[in-house]
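What the coordinates show
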Amino acid sequence: MVYKLVCLGNPLLDIQFDVTKEYLDKYGLKENDAILVEEKHMPIFDDGLKDPSVKLVAGGAAQNTARGAQYLLPEISVVYFGSVGNDKYAEKLHEANKSVGLATRYQVQPDIGTGKCAALINGPNRSLATDLGAANHFKPSHLQKPENWELVEKASFFYIGGFHLTVSPEAIILLGKHAAENNKDFVINFSAPFIAQFFKDPLDQVVPYADYIICNESEAAAYAESHDLKDKSLVEVATYIAKLPKVNSKKPRTVIFTQGLDPTLVVRVDAQGEAQISEIVVHPLAADKVVDTNGAGDAFAAGFVAGLVQGKDLFENIDIGQWLAAESIQQVGPSYPFPKKTY
Ligand code: 26A
């Protein structure tokens, strides 16, 4: 079997429900953020399961991207790695993955529950509070099993959720080295502000492998802050990251900053070391068409990597990303429309 794209991340089931600003304040949560839960957040999951608005939907940022990429690509294009438990939540993930034909090679933890994320919807905002569970126990040795490593060797593209830096930077480096040594495309998403803030060292260890970096404006701001960048303007931050040392010198680095409804910023460093800066206008979506924004960024990344796998050019890849993000926003949770739409 040859899957062109290999993805790695934390498989989670999203417990999505509507909340008020007061509810977020009670737990000290921001309107738009992603955090790892502490003990004090635990009642949120029970609140959610009892809430009339609750929806259980497949989540996990990189898994959402893997599903979206497989949604757009021909059958048998994408395989996703992560760790789950042996339980009902994992069954739900299997169902969602099956609906788009996404292959998984989960590492199964017999005694630990599948990870879950409270996706707290407040109008156009979403606040994510995650209990990683089994996802926290993924080991690089799972990738190194002969039947899995064979898939890695046959793949040509890699997509890594930055969230996985909290779990196994070693697994990311293993794939990064393989990609760099074999001149394959390696894409990293910065995932959330807390990654740049609290996982700065592992983030700095994996960036040298990245051909493409995708993040949003608040993750870029967190990066600028934790790296003490003097000029924190988005163009300067993207240019700084694009020019950081790179293991595979055969490809340029491209940095992509999404900014919600504002234009997507792209900085690519050419062979002469010059930064090429572009801005791409987003597909406008009427406010009344927004169902929820959970998974919008993952859908953008999905469209982008699907284009990459198909050998399309950079600007078309961004356009596909923006299109798929707009489609996903009109669905409940990090999902894609059925019957299938084509770009
Ligand atoms: C390590 N953390 C906090 C996480 C996540 C996460 N995926 C992986 N690791 N916290 C939230 N998510 C997922 O992000 C998606 C929206 O972009 C949620 O499961 C949600 O589906």
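Up top is the structure these notes are about.
Focus: the nonpolar core
Grouped burial of nonpolar side chains is what soluble globular proteins tend to show. The biggest cluster of nonpolar side chains holds 57 residues, and the ones touching the most others in it are Leu175, Phe186, Leu203 and Phe257. Top contributing element to this core by residue count: helix α7 (residues 169-181), with six residues. Residue contacts for Leu203: discarding those within four places in its chain leaves Leu165, Phe190, Ile195, Ala196 and Tyr223. Core analysis: the second largest hydrophobic core is formed by 43 residues, Leu73, Phe157, Ile214 and Ala299 among them.

Let's talk about the packing of aromatic side chains
Taken as a whole, this structure holds twelve aromatic pairs when the rule is applied. When the ring of Phe17 is compared with that of Tyr23, the centres are 6.1 Å apart and the planes differ by 75 degrees; the resulting orientation is edge-to-face. One exposure class covers both Phe17 and Tyr23, and it is buried. When the ring of Tyr212 is compared with that of Phe304, the centres are 5.5 Å apart and the planes differ by 65 degrees; the resulting orientation is edge-to-face. Of this pair, Tyr212 sits in strand β11 (residues 212-216) while Phe304 sits in helix α12 (residues 296-309), and the two are 92 residues apart along the sequence. The residues Tyr212 and Phe304 share a single accessibility class, namely buried. Feature note: the residues Phe17, Tyr23 and Tyr27 constitute an aromatic cluster, connected by ring pairs. Above the ring of Phe45, the side-chain terminus of Lys116 is found at 4.8 Å from the ring centroid.

Some details on the site of the ligand
In the vicinity of the ligand lie 20 residues, with Asp14, Gly60, Asn64, Thr130 and Asp298 positioned nearest. Contacts to the ligand include Ala61, whose backbone N or O atom sits 3.1 Å from a nitrogen atom. Taking 460 Å² as the accessible area of the ligand by itself, protein coverage stands at 98%. Counting residues per element, the ones that place at least two in the shell around the ligand are β2 (12-18), β3 (33-36), α3 (61-72) and β8 (125-131). Each residue belonging to the shell around the ligand can be placed in one class, and the counts come to ten nonpolar, eight polar and two charged.

A short note on the pairing of strand β9 (residues 157-161)
Here is the key point about a regular strand: its side chains alternate between the two faces of the sheet. Among the five residues that make up β9, five are buried, leaving the element largely enclosed by the rest of the structure. Side chains Phe157, Tyr159 and Gly161 of β9 all project onto a buried face; the interleaved residues Phe158 and Ile160 project onto the opposite face, where all are buried too. Taken together, the four bridges between strand β1 (residues 5-8) and β9 define a ladder with parallel strand orientation. Bridge pairing links Cys7 to Tyr159 in β9. Strand direction decides the pairing type here: β9 and strand β10 (residues 185-189), joined by five bridges, are parallel. Opposite Ile160, over in β10, you have Ile188 as the bridge partner. For the handedness criterion, the β-α-β arrangement of β9, α7 and β10 is classed as right-handed.

Focus: the sheet that holds β2
A sheet is described by the order of its strands in space; here five strands give the open sequence β3-β8-β7-β2-β4, paired in mixed fashion. Each edge of the open sheet carries a strand with a single partner, namely β3 and β4 (55-59). Strand-to-strand twist in this sheet, taken as the mean axis angle between neighbours without regard to direction, amounts to 25 degrees. Two elements, β3 and β8, share four bridges in a ladder whose sense is parallel. Bridge pairing links Ile35 to Ala129 in β8. Helix-sheet contacts for helix α2 (residues 43-50) involve β2, β4, β7 (115-122) and β8, and the interaxial angle to β2 is about 65 degrees. In the packing of α3 onto the sheet, the strands contacted are β2 and β4, and the crossing angle to β4 comes to about 80 degrees.

Overview of unusual backbone geometry
The omega angle of the peptide bond from Phe338 to Pro339 is -5 degrees, so this bond is cis rather than trans. With respect to the helices and strands, Pro339 occurs in the segment after α13 (314-329). Positive phi, normally seen in glycine, also occurs at Asn183, with a value near 55 degrees.

Points about the environment of Leu73
You can see Leu73 is positioned in the loop between α3 and β5 (78-85). For Leu73, a relative accessible area of 6% corresponds to the buried category. When the C-alpha positions of Leu73 and Lys145 are compared, they lie 26 Å apart, and in sequence the two are 72 residues distant. Every residue in contact with Leu73, bar those within four places of it in the chain, is listed here: Val78, Ala306, Val309 and Gln310.

Considerations on α7
Across its 13 residues, α7 extends 18 Å between first and last C-alpha, which sits within 8% of the 18 Å expected from 1.5 Å per residue. Of the positions making up α7, those classed as buried are Pro169, Ala171, Ile172, Ile173, Leu175, Gly176, His178, Ala179 and Ala180. Residues of α7 that are buried in the fold lie against β1, α5 (140-144), α6 (146-154), β9, β10 and α9 (200-206). Within two residues after α7, Asn183 carries a phi angle of roughly 55 degrees, on the positive side.

About the criteria used
Residues numbered from 1 in each chain as written. Predicted model: local features only at pLDDT ≥ 70, side-chain atom pairs only at ≥ 80, totals over all residues. Heavy atoms only, no water. Core = buried A, V, L, I, M, F, W, Y, C linked by side-chain atoms within 4.5 Å. Buried < 20%, exposed > 50% of the residue type's maximum accessible area, 1.4 Å probe, protein only. Helix = DSSP H or I, 4+ residues; strand = E, 2+ residues; numbered from the N terminus. Contact = heavy atoms within 4.5 Å. Phe/Tyr/Trp six-rings, centres within 6.5 Å; stacked < 30°, edge-to-face > 60°. Lys NZ or Arg CZ within 6 Å of the ring centre and 35° of its normal. Near = heavy atom within 4 Å. Polar contact = N/O pair within 3.5 Å; in protein donor to acceptor, adjacent residues only side chain to side chain. Areas by Shrake-Rupley, 256 points an atom, 1.4 Å probe, with all protein chains shown as cover. Nonpolar A, V, L, I, M, F, W, Y, C, P; charged D, E, K, R; others polar. Pairing = 2+ DSSP bridges. Right-handed = clockwise from strand over helix to strand, strands pointing away. Axes fitted to C-alpha atoms, helices over the stretch in contact; angles between N-to-C directions. Expected span 1.5 Å × (residues − 1).

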